[in-house]
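# Architecture at a glance
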Amino acid sequence: MKTGEDILYPFWLSCIQGVGTKTRERLINYFGSEKAVFQADSEKLYEVNGIRKDVIQKLIDSRNIENISKKWQKMCDAGTNFTYIGAENYPEKLKNIYDPPYSLFYRGELPDNNKPAVAVVGARNATYEGRCIAEKFGRELAKYGVQVISGLARGVDIKSQTGAMSVVRGRTFAVLGCGIDICYPRQHINEYIMMQTRGGVISEYAPGVSPVAGNFPRRNRIISGLADIVIVVEAAQRSGAMITVDQALEQNREVMAVPGRADDICSQGCNELIKTG
């Protein structure tokens, strides 16, 4: 992994509001590196096709290495780590998915590339039976050294992760849809803190980014991307869990589903998956 000042340039590009994946890609392809983007003449930045003028102005206004260094140090002092797609410790499983996250902020650790990982996903308003099944999956997977990936959400997610942490050496990783310094939902603050020593919490969003609705469908591609297998415990036909399934299939991940009652809305997505093979 690059050290010293070099890491500040990817960090800088990751923290500017309005600079998304496509914008970063265009800039790096045009100039050759993050450092070259930082050092480019202002006039040259305006020559890059497909980038709004207000975004270019944000890039120009934010190019202060002293302020960036202070922001980096503040992040490190808060216990947050940073990696990006050009770094050695960037998760190998994410490199080949469609639209891989350019960078990741994390507390604790990243999943071990050399150990199996299973994502357990499902309904936030899961039934009692669904929550029990999710917790058992988390616990049993952890007993066999399998890393459990999920999203810290209510229902299936949090139950699978608390199940994993009930095992002495259980490891679980939560992918957030907000800044890494924000626990969402707030009632899972104890689990959020515990995961930082029993695995990790991960986000592609810079510290301080609010948990807005549009972030969560995007974070689901990271949940499935970090896993070898995705298990759906309960899911309605139109739900975030089913979005994760679609992304998992696009990423060539194996998908498994827990069957449920035919009249249970929380099981319609799972039953449909089983029906269609």
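Relevant structure appears above.
What this report covers is the structure whose coordinates are included nearby. All of these numbers come straight from a predicted model, not from anything done at the bench.

Right, let's talk about the pattern of salt bridges for a bit. A complete count under the given rule lists 11 salt bridges for this structure. With a shortest N-O distance of 3.7 Å, D99 and R221 are connected by a salt bridge. Highlighted residues: D99 in the loop between β1 (81–84) and β2 (103–108) and R221 in helix α10 (residues 215–225), separated in sequence by 122 residues. The pair formed by D99 and R221 is uniform in burial state, with each residue classed as buried. E204 is the salt-bridge partner of R218, the closest N and O atoms lying 3.9 Å from each other. Placement of R218 in helix α10 and of E204 in the loop between β6 (199–203) and α10 is noted, with a sequence separation of 14 residues between them. Since its relative accessible area comes to 31%, R218 is described here as partly exposed. Members of the salt-bridge network, linked through shared partners, are D99, E204, R218 and R221.

With that settled, consider the sheet that holds β6. On the basis of which strands lie adjacent, the open sheet formed by eight strands has the order β1-β2-β6-β5-β4-β3-β7-β8 and mixed pairing. A single partner strand is all that each edge strand has here, and the edge strands are β1 and β8 (254–257). In this sheet, neighbouring strand axes are inclined to one another by 25 degrees on average, regardless of whether the strands run parallel or antiparallel. Relative to strand β5 (residues 172–175), strand β4 (residues 147–150) runs parallel, the two sharing three bridges. Bridging from a neighbouring strand, V148 pairs with T172 of β5. Along the sheet, α10 makes contact with β2, β3 (117–121), β4, β5 and β7 (229–232), crossing β5 at roughly 160 degrees.

This part is about α10. In terms of burial, α10 is largely enclosed, as nine of its 11 residues are buried. Restricting attention to buried positions, one finds in α10 the residues N215, F216, R219, N220, R221, I222, I223, S224 and G225.

Going from Y184 to P185, the amide bond is cis rather than trans, its omega being 0 degrees. Residue position: P185 is located in the loop between β5 and α9 (189–195). Here the phi dihedral of L152 falls at roughly 65 degrees; this positive angle occurs in a residue that is not glycine. When you line up the elements, L152 lands in the loop between β4 and α8 (156–165).

Viewed as axis vectors pointing N to C, α10 and helix α11 (residues 240–250) meet at an angle of 50 degrees, and their least axial separation amounts to 9 Å. Overall, the two elements α10 and α11 adopt an arrangement that is oblique. Crossing of α10 against α11: the hand is right-handed. Contacts between α10 and α11 involve P217, N220, R221 and S224 from the first element and G240, I243, T244, Q247 and A248 from the second.

Cut-offs and rules
- Residues numbered from 1 in each chain as written.
- Predicted model: local features only at pLDDT ≥ 70, side-chain atom pairs only at ≥ 80, totals over all residues.
- Heavy atoms only, no water.
- Salt bridge = Lys/Arg side-chain N within 4 Å of Asp/Glu carboxyl O.
- Helix = DSSP H or I, 4+ residues; strand = E, 2+ residues; numbered from the N terminus.
- Buried < 20%, exposed > 50% of the residue type's maximum accessible area, 1.4 Å probe, protein only.
- Pairing = 2+ DSSP bridges.
- Axes fitted to C-alpha atoms, helices over the stretch in contact; angles between N-to-C directions.
- Contact = heavy atoms within 4.5 Å.
- Parallel < 35°, antiparallel > 145°, perpendicular 65-115°, else oblique.
- Left-handed = near helix turned anticlockwise from the far one by under 90°.

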